[in-house]
Amino acid sequence: MSSFGGPLRRHVVREKDFRLQQLQFDNSPAALRLWNFLLTENQRLHQARANGDKIVGAMKDLGTVPVMAYALPDVRAFYPDGAWWTPCLMECGDKLLQQADGMGIDASFCPVRAMLPAFENGRHFPRPDLLICSVGAICDDFSAIAQRLQHLGHSIVWWEIPRRRQPALGEMGCALPGNLAAPKIQVDCVRRELWRVCQALGQLAGKTLDDGSLAAGIRAANQARRLLDSLRRTVYSAPAAPLPALEMLVAEMLAIHFCSDRGEAIAVLDDLLAEVQSRVRQNQFVVSADAARVFWVNPVADLRAMNLLEELGGRICGADFMFTHALDLIPEDLPPLEALARAALADPMVGPASDRAARIVRECRANRAEAAVVSRIPGASHCAREGEVILEIVRRELGIPAIELEIPPVCDAMRPTLGSRIQALVETARARRTR
Ligand code: SF4
């Protein structure tokens, strides 16, 4: 029986997660379990520390290092990057963004800057016993903030991920998950880097992280990824949405580090899948069948935006929340570090925007998208031009209406503008049905 029940109101009262009062939730026990699981992550990490577990702060790679960390007993990995959503959940009551300003990391950086004061004030997540951060093909925002952390005395194990490129003519290449390829020399480089990460994790745990443990970790991660894949297929291909967009965004996020509890993450996904399968069988949907099918690109800084889309007549029929490599199965027929290196190199954010756009186009086609939204993240250096590139390719290849929207951590002041633009998109998509 899950201990992740009980009313969500307690997170408003105790954690001051005021944004919850503005969100519309799915009313199933499975969704309640999902939300309680998500909203108790920091408590769980503090409890794990009190129980003597080692805490690993993985940064930036979104999906690879946690697979390795959870292969060791009594080790938990989480992403301090997740402080990204704290200003939204607390409606900026935490003052993390203002504190980041005071530390010289102003609004020209994306909301991940909330991570810096969260490390310093220790009021959110516990200080990790080990910090691991990818470097190389990463955004300027994260690179600058992680370097500042190091200067503030937080020791970091850096590992390099090169910018992914296609193998040149005659150069030996490797297939990557997600229909991608990279030169073997890049895969070898990442494999050697991940070997260093293995050594650091093994030292922390006092146990060698060998191939057998890594292979078991990969199989467990794939169990979560298979469940998520079934959930995505069931929800995004259904004639109408059997689960709201907001809960789908949260469920997809479980893939990156299992929300600090791999077993519970798998159980939560299992419950959600059973719920949506039952709803589809009974023709029970949460959004009208007439809703415009929208493909959504990038996570929203304000979770409320997911509700807004549905209130205005849209539904999600697919999404790329910037970590599609964490959704794909990690190869189980390769030596584990080779498999993890290939999975890490499939990160949509380490390759060209055109690769990312090609996958978006494929998924839009498969899920019969009628429109696309690229949600821009304020200050984010990764997407200054990327959104335009993706939109251009989506419009050219599919001919569907597609827009870019910037969504701040609390979007209430922007509600009229966002609303009109989403409504126009939905109406345009619907009008095209009658042509
Ligand atoms: S700039 Fe983009 S990729 Fe970098 S931390 Fe911010 S949201 Fe993530």
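Reading guide: rules and limits
- Residues numbered from 1 in each chain as written.
- Predicted model: local features only at pLDDT ≥ 70, side-chain atom pairs only at ≥ 80, totals over all residues.
- Heavy atoms only, no water.
- Near = heavy atom within 4 Å.
- Nonpolar A, V, L, I, M, F, W, Y, C, P; charged D, E, K, R; others polar.
- Phe/Tyr/Trp six-rings, centres within 6.5 Å; stacked < 30°, edge-to-face > 60°.
- Helix = DSSP H or I, 4+ residues; strand = E, 2+ residues; numbered from the N terminus.
- Buried < 20%, exposed > 50% of the residue type's maximum accessible area, 1.4 Å probe, protein only.
- Lys, Arg positive; Asp, Glu negative; His and termini not counted.
- Salt bridge = Lys/Arg side-chain N within 4 Å of Asp/Glu carboxyl O.
- Contact = heavy atoms within 4.5 Å.
- Axes fitted to C-alpha atoms, helices over the stretch in contact; angles between N-to-C directions.
- Parallel < 35°, antiparallel > 145°, perpendicular 65-115°, else oblique.
- Left-handed = near helix turned anticlockwise from the far one by under 90°.

Colleague: Just to check I follow, could you spell out the site of the ligand for this structure?
Modeller: Surveying the vicinity of the ligand reveals the residues Lys60, Trp84, Cys110, Val112, Cys139, Asp141, Phe142, Met322, Ile377, Ala380, Ser381 and His382. In terms of residue class, the shell around the ligand is made up of eight nonpolar, two polar and two charged.

Colleague: Can you help me understand the packing of aromatic side chains in this one?
Modeller: Two aromatic rings are characterised by how far apart their centres lie and by the angle between their planes. Inspection of every chain in the model, using the stated rule, returns five aromatic pairs. Consider the rings of Phe25 and Trp35, whose centres lie 5.0 Å apart with planes at 85 degrees: the pair is edge-to-face. You can see Phe25 sitting in the loop between helix 1 (9–15) and helix 2 (29–39) and its partner Trp35 sitting in helix 2, a full ten residues away along the chain. Classification of Trp35 by relative accessible area gives buried; the value is 1%.

Colleague: When you look at the side chain of Asp141 in this model, what are you seeing that I'm missing?
Modeller: Within the secondary structure, Asp141 is located in helix 8 (residues 140–151). In this structure, Asp141 is buried with no salt-bridge partner, the nearest side chain bearing the opposite charge being Arg113 at 7.8 Å. Excluding its chain neighbours within four sequence positions, the residues that come into contact with Asp141 are Ser108, Phe109, Cys110, Gly379, Ala380 and Ser381.

Colleague: Any chance you could explain the packing of helix 10 (residues 211–237) against helix 12 (residues 262–281) here in plain terms?
Modeller: Each packed pair of helices is defined by two parameters, the angle between the axes and the distance between the axes. Packing of helix 10 against helix 12 brings their axes to within 9 Å, and their N-to-C directions diverge by 25 degrees. Judged by the angle between their axes, helix 10 and helix 12 are roughly parallel. Like other packed secondary-structure pairs, helix 10 and helix 12 cross with a definite hand, here left-handed. Taken together, the residues of helix 12 that come into contact with helix 10 (itself represented by Gly217, Ala220, Gln223, Ala224, Leu227, Leu228, Ser230, Leu231, Thr234 and Val235) are Arg262, Ile266, Leu269, Asp270, Leu272, Leu273, Val276, Gln277 and Val280. Residue classes in the contact of helix 10 with helix 12 are distributed as twelve nonpolar, five polar and two charged.

Colleague: What is the right way to read the packing of helix 10 against helix 11 (residues 245–257) from this model?
Modeller: Running from N to C, helix 10 and helix 11 point in directions that differ by 160 degrees, and their axes come no closer than 10 Å. Considering their axes alone, helix 10 and helix 11 lie roughly antiparallel with respect to each other. Here helix 10 runs over helix 11; the crossing is left-handed. Contacts between helix 10 and helix 11 pair Leu228, Leu231, Arg232, Val235 and Tyr236 from the former with Met248, Ala251, Glu252 and Ala255 from the latter. Of the residues that constitute the contact of helix 10 with helix 11, the class distribution is seven nonpolar, no polar and two charged.

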